[in-house]
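Remarks on the overall topology
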Amino acid sequence: MTNTLTEGLKKLRLSGMAASLEVRLQEAGGNSLSHAEFLELILQDELAVRKDRLMGRRMNAADFRDRKTLEDFDWSFNKSVKRKQIYDLASGAFVREHRDVLFVGPPGTGKSHLAQAIGYHAVQMGFLVKYRSIFDVVRDFLRDEALKGEDKMLAKYLKPDLLIIDDMGLKQLPERSGELLLEIIMQRYESRSTVMTSNRPIEEWGKLVGDVPAATAILDRFLHHAEIITITGKSYRMKDRGCTKKTEEV
């Protein structure tokens, strides 16, 4: 009988119930549970499985380069990072209010880690999140433009509650990058939230995108409701290299 029930549950795509059925039946018999109590238990099992699967799909859809959390961040290394400010952002309030965030600072100071960690916590709260480096953004649009599919690509960038664009300022971007980025920022303005990280000050964005008017328009909209977080200090990766070098010398 149990096998028949299990197969029936699988056909109905109730795999959470199917997986826990035998254990729950034994629990119900051993503890004299009522039918309602037994049903509540297996329903909770099904809901838990579905929640885990949904979370897994959303994490995969976010496409983080590295799955980072705030618990992983070394707060003791860089005192310029204000813990309370970052945890306030991780609460998701800025996403609900359609505000933006800009992290500015030298390479290796934790900008990407913090941006992805905020995104990670946003996914856990049920928000749709998408992570891309600025180079991914440009590559996506230029490729789909050649295939006449830029409208579909733009829709993918407009859908997430939180879009994270990383690595601005690592090197100069290809022609038309400013135009493409402006389109994304304009369409998301005051309707969705965007987090960006930049290794260069905003005054240099015109040179980076090769289009000063476009950069000015991007910043005008993006910074209107943005929280700017400036991070200073040395590279965390260089700290690790320094430790390795000292070990080799010893």
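Residues numbered from 1 in each chain as written. Predicted model: local features only at pLDDT ≥ 70, side-chain atom pairs only at ≥ 80, totals over all residues. Heavy atoms only, no water.

Focus: the sheet that holds strand β3 (residues 162–168)
Strand pairing in a sheet takes place through backbone hydrogen bonds and is either antiparallel or parallel in direction. What counts here: Paired strands, as defined in this entry, are two strands with at least two bridges between them according to DSSP. Strands here mean DSSP runs of E at least two residues long; helices mean DSSP runs of H or I at least four residues long; both are numbered from the N terminus. Orientation is described by lines fitted to C-alpha atoms, with helices fitted over the stretch in contact, and by angles between N-to-C directions that extend from 0 to 180 degrees. Should any heavy atoms of two residues lie within 4.5 Å, those residues are counted as being in contact.
Reading across the sheet, the 5 strands line up as β2-β3-β4-β1-β5 and stay open at both edges, with parallel pairing between neighbours. The sheet terminates laterally at β2 (129–133) and β5 (226–230), the two strands that pair on one side only. With direction set aside, neighbouring strand axes in the sheet form an average angle of 10 degrees. Summarising the sheet, strand β1 (residues 100–104) and strand β4 (residues 193–198) pair through 4 bridges and their orientation is parallel. Bridge assignment links L102 to a residue of β4, and that residue is M196. Taken strand by strand, helix α11 (residues 212–222) contacts β1, β4 and β5, and its axis lies near 120 degrees from that of β1.

Quick notes on helix α2 (residues 15–30)
Where we set the bar: For a helix, the expected span equals 1.5 Å multiplied by the residue count minus one. Given a residue, its bend is the angle between the two axes fitted to the seven residues that end at it and to the seven that start from it. Think of it in three bands: residues with accessible area under 20% of the maximum for their type are buried, residues over 50% are exposed, and the middle band is partly exposed, with areas taken using a 1.4 Å probe on protein chains only.
A rise of 1.5 Å per residue sets the reference length of α2, with its 16 residues, at 22 Å; its end C-alpha atoms lie 23 Å apart and thus fit the reference within 8%. Within α2, the axis deviates most sharply at L21, by approximately 55 degrees. Among the residues making up α2, those that are buried are G16, M17, A18, S20, L21, R24 and A28. Buried residues along α2 sit against α1 (2–11) and α3 (35–62). S32 sits one or two positions beyond α2 and adopts a positive phi of about 50 degrees.

Some words on the confidence of the model for the protein
The cut-off we apply is this: You can read pLDDT as the predictor saying how much it trusts each residue, on a scale of 0 to 100.
Within the protein, residue pLDDT values average 88, and 92% of them lie at 70 or more. Overall, residues 243–250 carries pLDDT values under 50, and its contacts beyond four positions in sequence, including any with other chains, amount to 0 contacts.

Digging into the packing of α1 against α2
We count it as follows: Relative orientations are named as follows: roughly parallel for angles under 35 degrees, roughly antiparallel for angles over 145 degrees, roughly perpendicular for angles from 65 to 115 degrees, and oblique for any other angle. Handedness of a crossing is defined here by the sense of rotation of the near helix relative to the far one, left-handed for an anticlockwise turn of less than a right angle and right-handed for a clockwise turn. When residues are grouped by polarity, Ala, Val, Leu, Ile, Met, Phe, Trp, Tyr, Cys and Pro land in nonpolar, Asp, Glu, Lys and Arg in charged, and all others, Gly among them, in polar.
Between α1 and α2, the shortest axis-to-axis distance is 7 Å and the interhelical angle comes to 160 degrees. Between α1 and α2, the interaxial angle falls into the category roughly antiparallel. Read as a crossing pair, α1 and α2 show a hand that is right-handed. Residues T2, L5, T6, L9 and K10 of α1 form the contact with α2, whose own contacting residues are S15, M17, A18, L21 and L25. Split by residue class, the contact of α1 with α2 holds 6 nonpolar, 3 polar and 1 charged.

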